[in-house]
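Chains, contacts and geometry: an overview
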Amino acid sequence: MNNVIEIKNIIRDFKLGTETVHVLKGIDLNIERGDYVAIMGPSGSGKSTLMNLLGCLDTPTDGNYLLNGQDVSKMSDDQLADIRNKEIGFVFQTFNLLPRTTALDNVALPMVYAGISKTARHARAAEVLEDVGLADRMDHRPNQLSGGQRQRVAVGRALVNKPSIILADEPTGNLDSKTGEEIMGLFDTIHKAGNTVIMVTHEEEIADHAHRVIRLRDGLIESDTRNR
Ligand SMILES: Nc1ncnc2c1ncn2[C@@H]1O[C@H](COP(=O)(O)OP(=O)(O)O)[C@@H](O)[C@H]1O
Ligand SMILES: [Mg+2]
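Okay, so let's go over this structure.

Quick notes on the rules
Residues numbered from 1 in each chain as written. Chains lettered and ligands numbered in written order. Predicted model: local features only at pLDDT ≥ 70, side-chain atom pairs only at ≥ 80, totals over all residues. Heavy atoms only, no water. 1 Å grid on protein atoms, 1.4 Å probe; cavity = no way out; pocket = protein on both sides within 12 Å on 5 of 7 lines; lining within 4 Å. Points joined across faces, edges and corners; volume = space filled by probe spheres on them. Helix = DSSP H or I, 4+ residues; strand = E, 2+ residues; numbered from the N terminus. Nonpolar A, V, L, I, M, F, W, Y, C, P; charged D, E, K, R; others polar. Pairing = 2+ DSSP bridges. Contact = heavy atoms within 4.5 Å. Axes fitted to C-alpha atoms, helices over the stretch in contact; angles between N-to-C directions.

1. Thoughts on the layout of surface pockets
In this structure, the largest pocket spans a volume of roughly 580 Å³. Lining the largest pocket are 23 residues, and of these R84, N85, I88, P110 and Y113 lie nearest its centre. Broken down by secondary-structure element, the contributors of at least two residues to the lining of the largest pocket are α2 (77–87), β6 (88–91), α3 (103–113) and α5 (147–159). Its residues assigned to classes, the lining of the largest pocket shows 13 nonpolar, six polar and four charged. Considering only enclosed or pocket space, the second largest pocket measures out at about 250 Å³ in volume. Taken together, R124, V128, D131, V132, L159, K162, P163, L186, T189, I190, A193 and N195 form the lining of the second largest pocket. Of all the elements in the fold, those that place two or more residues in the lining of the second largest pocket are α4 (118–131) and α6 (177–192). For the lining of the second largest pocket, the class distribution of residues is seven nonpolar, two polar and three charged.

Now the structure itself:
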């Protein structure tokens with residue numbers, strides 16, 4: 001079996017004062033290495049909650065999560081931080097770059113935590129920035145870049161440690177449709193290079209790039225279809 005993700009009966013509740021909000025109500029999901037998956041569903045259906053669990057930014061209330069065969073559902077915060085840095089590349093709707101830091105240093109940042117030397121970090125970050133089409137923008141800070149260019153930097157940062165999975169939560173949500181399509185072209189290339197890509201979107205045209213579409217409704221998987 002070649003599943004990068006195996007999830008069994010994941011529950012995520014949030015406590016708000018005396019009330020408990022049931023957000024994910026029992027999700028079962030396997031994702032094969034090298035797949036290209038879109039997660040869709042109405043606002044509030046639990047897409048971001050699921051992505052945060054997949055990305056080890058959060059842990060489930062109940063259920064099991066195996067990432068590359070390792071049970072991450074019961075790990076400590078330190079162990080999760082380590083897994084996140086090595087195995088997960090996360091792209092956010094709002095880019096989440098460090099504002100006063102160049103594209104090169106934003107992309108190099110995950111390697112600081114991985115303990116790689118400065119020379120090696122810069123060499124690898126420059127290579128990745130070339131791959132995402134920003135060879136001529138390495139010394140620019142985020143406010144000197146367009147939205148599409150900022151998202152390219154964020155994609156470069158997600159790729160730099162060669163993670164097992166690339167997660168993207170509405171990566172085109174803050175971009176116009178032309179720029180969004182350009183970013184999707186980049187994800188297509190990343191997928192073709194052999195990476196596992198999982199993204200959230202509410203746009204059918206964006207989801208059409210994926211090979212498998214999973215629809216959530218009210219904290220459960222409503223449908224799961226393969227396009228190709
Ligand atoms: N930290 C939290 N505390 C309480 N409720 C939360 C928290 N995070 C998410 N929720 C609730 O979970 C539901 C699903 O949220 P989310 O996963 O962000 O949905 P989506 O990304 O599909 O729009 C929403 O009703 C939201 O209010
Ligand atoms: Mg969301």
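2. Re the sheet that holds strand β2 (residues 19–32)
Reading across the sheet, the four strands line up as β2-β1-β4-β5 and stay open at both edges, with antiparallel pairing between neighbours. If you trace the sheet from one side to the other, it starts and ends with β2 and β5 (70–71), each paired once. Of the strands in this sheet, β1 (3–16), β2 and β4 (62–67) touch helix α1 (residues 47–54), which is tilted by about 125° from β1.

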